Amino acid sequence: MNTELKSAWYTVVVVVIALLGCLLMSAYTRTMAAFAPLGLLGLLGFTPILFRKQDGKIDLDERDLEVVQKASTVGGVCSYLAFVVGGMLLWGVHFYRGESQMNVHLIPLLIFGGAIVLYLSRSVFIISQYSGKALGIDG
Amino acid sequence: MGDQVSNKVRELRFENERMTQQALAELTGVSRQTIISIESNRYTPSLLLAMKIAKAFDRAVEEVFSYCENGQ
């Protein structure tokens, strides 16, 4: 298992735990405090330290770089779509309710949501590429 | 079926004193997984890597890799 695959699994685990935490918290409170578990996403900052390249070992080659490039494209497209769809949904809900103003706090949440989608979709794509059957790239 | 590049990497490894995939990977500067993918025709290497592999076997590139039109 190379470092890209390890960090992809780490990202998926951290994001899923953070989102589940939000879901659990939202059962207890309807305030912004429900988003507190998103702070766990800060653990993603440790990725470069936790998954360092081992000296002398060939870890990433041209095939791995191809996978990473494709994953970054997929992640970018997914996050952009999430951002656009999220924005349209917010607008739709406000239009349906007949509200002419929108809470400004929704904007950073929308951007943050897009970032989560970027990391999650990128990581899921990397894992799928190394699963053995997809696109002729095995683990 | 689309165009494909087939190869004789596996055969050549066995001809070369049963060279291991790991040994070939180290010679060419890629991971063993990449060699596995190339051998099973699931990954088409770059020209540079193809040349490195051919050099590892002391062969010409066209002796190791061949182009198959429409999967023939």
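This one's a predicted model, so the numbers in the text were calculated from it and none came from an experiment. (Residues numbered from 1 in each chain as written. Chains lettered and ligands numbered in written order. Predicted model: local features only at pLDDT ≥ 70, side-chain atom pairs only at ≥ 80, totals over all residues.)

1. Thoughts on the environment of Ala 33 of chain A
All names here are of chain A.
(1) Moving on: Turning to its location among the elements, Ala 33 is positioned in the loop between helix H1 (3-28) and helix H2 (47-50).
(2) Moving on: By C-beta crowding, Ala 33 is classed as exposed, having 11 other C-beta atoms within 10 Å.
(3) Moving on: On a C-alpha basis, the gap between Ala 33 and Cys 22 in space is 8.8 Å, while along the polypeptide they are 11 residues apart. (Helix = DSSP H or I, 4+ residues; strand = E, 2+ residues; numbered from the N terminus. Buried ≥ 20, exposed ≤ 12 C-beta atoms within 10 Å, placed from the backbone.)

2. Observations concerning the confidence of the model for chain B
All names here are of chain B.
(1) Moving on: When pLDDT is averaged across chain B, the result is 89; 93% of the residues are at 70 or more.
(2) Moving on: Looking across chain B, the model is least confident in strand E1 (residues 4-7), with a mean pLDDT of 87, and most confident in helix H4 (residues 47-56), with 95.
(3) Moving on: Two summary scores accompany this predicted model of the complex, namely pTM at 0.79 and ipTM at 0.75. (pLDDT = per-residue confidence, 0-100.)

3. Thoughts on the packing of helix H3 (residues 62-97) of chain A against helix H4 (residues 106-129) of chain A
Residue and element names in this part refer to chain A.
(1) Moving on: Following both chains from N to C, one finds H3 and H4 inclined at 150°, their axes separated by 7 Å at the closest point. In terms of crossing hand, the pair formed by H3 and H4 is right-handed.
(2) Moving on: Class assignment of the residues belonging to the contact of H3 with H4 gives a composition of 14 nonpolar, 10 polar and 2 charged. (Axes fitted to C-alpha atoms, helices over the stretch in contact; angles between N-to-C directions. Left-handed = near helix turned anticlockwise from the far one by under 90°. Nonpolar A, V, L, I, M, F, W, Y, C, P; charged D, E, K, R; others polar.)

4. Re the environment of Ser 6 of chain B
Residues and elements named next belong to chain B.
(1) Moving on: Along the chain, Ser 6 falls in strand E1.
(2) Moving on: Residue classification places Ser 6 among the partly exposed residues on the basis of 14 C-beta atoms within 10 Å.
(3) Moving on: For the pair Ser 6 and Phe 65, spaced 59 residues apart in the sequence, the C-alpha separation amounts to 5.8 Å.
(4) Moving on: Contact partners of Ser 6, with chain neighbours within four places excluded, come to Asn 41, Ser 66 and Cys 68. (Contact = placed C-beta atoms within 7 Å.)

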